[in-house]
Amino acid sequence: MQPPASKSELLTRARQAARISLGRATFVRDARVLPIGVPIALGVAALVYSRAVEERRDWRGWRRAWRPRRRDRGDAFAMAAAALVGTVALAYVGARVEWEMRRRTYREQQDW
């Protein structure tokens, strides 16, 4: 391992070491999934629910032309729940991949 060339490089190495020392579970859960993945998932679920409840307008008559067609609330809720779970799972997988990349980079720097 080479000595740091500057103070900013030293601080960068210290931040990396601190992240690695916390461990994978803490990084994935506390640094990525909870503050980033869950709010995005809630937004996606709300969007899916609102779109599922009010679909395209029914154009089969002049009286019903301006009323939105409604879907069953249970179906809309199931679609929103699936979107929520899928988005959180995607955030989790993304955080695991990011962790592996950071860990590999850290180990390569330590081997110098």
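Remember, it's a predicted structure, so these values are computed and weren't measured experimentally.

Analysis parameters
Residues numbered from 1 in each chain as written. Predicted model: local features only at pLDDT ≥ 70, side-chain atom pairs only at ≥ 80, totals over all residues. Heavy atoms only, no water. Phe/Tyr/Trp six-rings, centres within 6.5 Å; stacked < 30°, edge-to-face > 60°. Helix = DSSP H or I, 4+ residues; strand = E, 2+ residues; numbered from the N terminus. Buried < 20%, exposed > 50% of the residue type's maximum accessible area, 1.4 Å probe, protein only. pLDDT = per-residue confidence, 0-100.

Participant: With reference to specific residues and values, describe the packing of aromatic side chains.
Facilitator: Counted under the stated rule, the structure contains one aromatic pair. Between Phe27 and Trp99, the ring centres sit 5.5 Å apart and the planes meet at 40°, which makes this aromatic pair tilted. Of this pair, Phe27 sits in helix α2 (residues 24–53) while Trp99 sits in helix α3 (residues 73–111), and the two are 72 residues apart along the sequence.

Participant: Pulling in residues and values, what's your account of the environment of Met79?
Facilitator: Tracing the chain through its elements places Met79 in helix α3. Met79 sits in the partly exposed class, given a relative accessible area of 34%. With 34 residues separating them along the chain, Met79 and Ala45 place their C-alpha atoms 8.0 Å apart.

Participant: Would you mind going over the confidence of the model for the protein chain in detail, with residue names and values included?
Facilitator: On average, the protein chain scores 86 in pLDDT, and the residues at 70 or more come to 83%. Within the protein chain, the element-level pLDDT minimum falls on strand β2 (residues 68–70), averaging 57, and the maximum on α3, averaging 94.

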